[in-house]
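Chains, contacts and geometry: an overview
Each chain is listed here by its residues.
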Amino acid sequence: MSFVLEASHLRKQFGGLVAVADVSLRVREGSLHSIIGPNGAGKTTLFNLLSGALKPTTGRVVLRGRDITGLPPYRMAHLGIGRSYQITNIFPNLTVLENVRLAAQAMGHDNWKFWRAASAFQEYEARAREIIERVGLQDKMRAPANTLAHGDKRKLELEILLAQDPEVLLLDEPTAGMASEQVPELMKLIAEIRARGNKTIVLVEHNMDIVMNVSDEITVMHLGNVLAEGTAKEIAANQVVQKAYLGELYN
Ligand SMILES: Nc1ncnc2c1ncn2[C@@H]1O[C@H](COP(=O)(O)OP(=O)(O)OP(=O)(O)O)[C@@H](O)[C@H]1O
Ligand SMILES: [Mg+2]
């Protein structure tokens, strides 16, 4: 089994504040790998380092054996690391369909090939429709993005991400702010994406029921470090993790 994404000894300091102290992590191809840990543990900062939004103070990020440390986000995205940026990636005045189609187009490499513009447009639009139907929102395709309810915006973010067709999806609390009845649907979808087998998912999620159900592998972060890693079973049984984190959540 091979590792698609590897972080070694990543560290990120903001002045005197150490957000990520020393994180090494290996993500297996095709797996769903969750990162858990209390607020402020450094999970989002780690995602920022993995996606190029931030350059690490020290340490390396390796994608399929290639050192991609410090590359800008658009280069990371073209190499196959996709990250949902919450809201900011959405064009508010464009419709759901236009937003998803543009995301597909942006990754298409052929924006300047005018002679095939018409057929390419059809292709991208068809891809966008297929993704929208898979994730939901098919009855809102023509709705401007800024008219969507919060939970639907989270779905649109996921659709935009899928349209970019990344090999590795970094999902930072995809269920945050969703109405609780929408959560199982989203998780089913994430499980489906995983089951298709050609994507690797790295998930940050606070809901332990979800994490314990869907993860192949879990890395527990605490104060910018890796506290433990293992399968859901191993993590649930880990005394150190229970003391530091799980116990406090289930109390
Ligand atoms: N741009 C920044 N400048 C300064 N400090 C930052 C910055 N980003 C994050 N931090 C700090 O780094 C630490 C880790 O934050 P981070 O957002 O990575 O945690 P997290 O594990 O994602 O937490 P949460 O579960 O609340 O989302 C926190 O103390 C945070 O205040
Ligand atoms: Mg966070």
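Preceding this paragraph is the structure being described.
From a predicted model like this one, the values you see are computed outputs, not experimental measurements. (Residues numbered from 1 in each chain as written. Chains lettered and ligands numbered in written order. Predicted model: local features only at pLDDT ≥ 70, side-chain atom pairs only at ≥ 80, totals over all residues. Heavy atoms only, no water.)

1. Examining the side chain of Arg-101
Its place among the elements puts Arg-101 in helix 3 (residues 96-106). Those residues in contact with Arg-101 that sit more than four places away from it in its chain are Phe-121, Tyr-124, Glu-125 and Ala-128. (Helix = DSSP H or I, 4+ residues; strand = E, 2+ residues; numbered from the N terminus. Contact = heavy atoms within 4.5 Å.)

2. A look at the site of ligand 1
Taken together, 13 residues surround ligand 1, and among them Asn-39, Gly-40, Lys-43, Thr-44 and Thr-45 come closest. In the model, an oxygen atom of ligand 1 is placed 2.8 Å from a nitrogen or oxygen of the Gly-40 main chain. Here an oxygen atom of ligand 1 and a side-chain polar atom of Thr-44 are 2.8 Å apart. Across the complex, the protein chains shield 60% of the 630 Å² of accessible surface that ligand 1 would expose by itself. Looking at the shell around ligand 1, the elements that each hand over two or more residues are strand 2 (17-28) and helix 1 (43-51). Per-element tally for the shell around ligand 1: the top contributor is helix 1, with three residues. (Near = heavy atom within 4 Å. Polar contact = N/O pair within 3.5 Å; in protein donor to acceptor, adjacent residues only side chain to side chain. Areas by Shrake-Rupley, 256 points an atom, 1.4 Å probe, with all protein chains shown as cover.)

3. A look at the environment of Val-211
Along the polypeptide, Val-211 turns up in helix 7 (residues 208-214). Accessibility expressed as a relative area gives 0% for Val-211, which makes it buried. Residues Val-211 and Met-76 lie 135 residues apart in sequence; the distance between their C-alpha atoms is 26 Å. Once residues within four sequence positions are removed from consideration, Val-211 is found in contact with Ser-34, Ile-36, Glu-205 and Ile-218. (Buried < 20%, exposed > 50% of the residue type's maximum accessible area, 1.4 Å probe, protein only.)

4. A short note on the packing of helix 3 against helix 5 (residues 150-163)
Taken N-terminus to C-terminus, the directions of helix 3 and helix 5 make an angle of 30 degrees; their axes are 7 Å apart at the nearest point. In terms of orientation, helix 3 and helix 5 fall into the roughly parallel class. Viewed along their axes, helix 3 and helix 5 form a crossing whose handedness is right-handed. For the pair helix 3 and helix 5, the contacting residues are Val-96, Asn-99, Val-100, Ala-103 and Ala-104 in the first and Leu-156, Glu-159, Ile-160 and Ala-163 in the second. Grouping the constituent residues of the contact of helix 3 with helix 5 by class yields seven nonpolar, one polar and one charged. (Axes fitted to C-alpha atoms, helices over the stretch in contact; angles between N-to-C directions. Parallel < 35°, antiparallel > 145°, perpendicular 65-115°, else oblique. Left-handed = near helix turned anticlockwise from the far one by under 90°. Nonpolar A, V, L, I, M, F, W, Y, C, P; charged D, E, K, R; others polar.)

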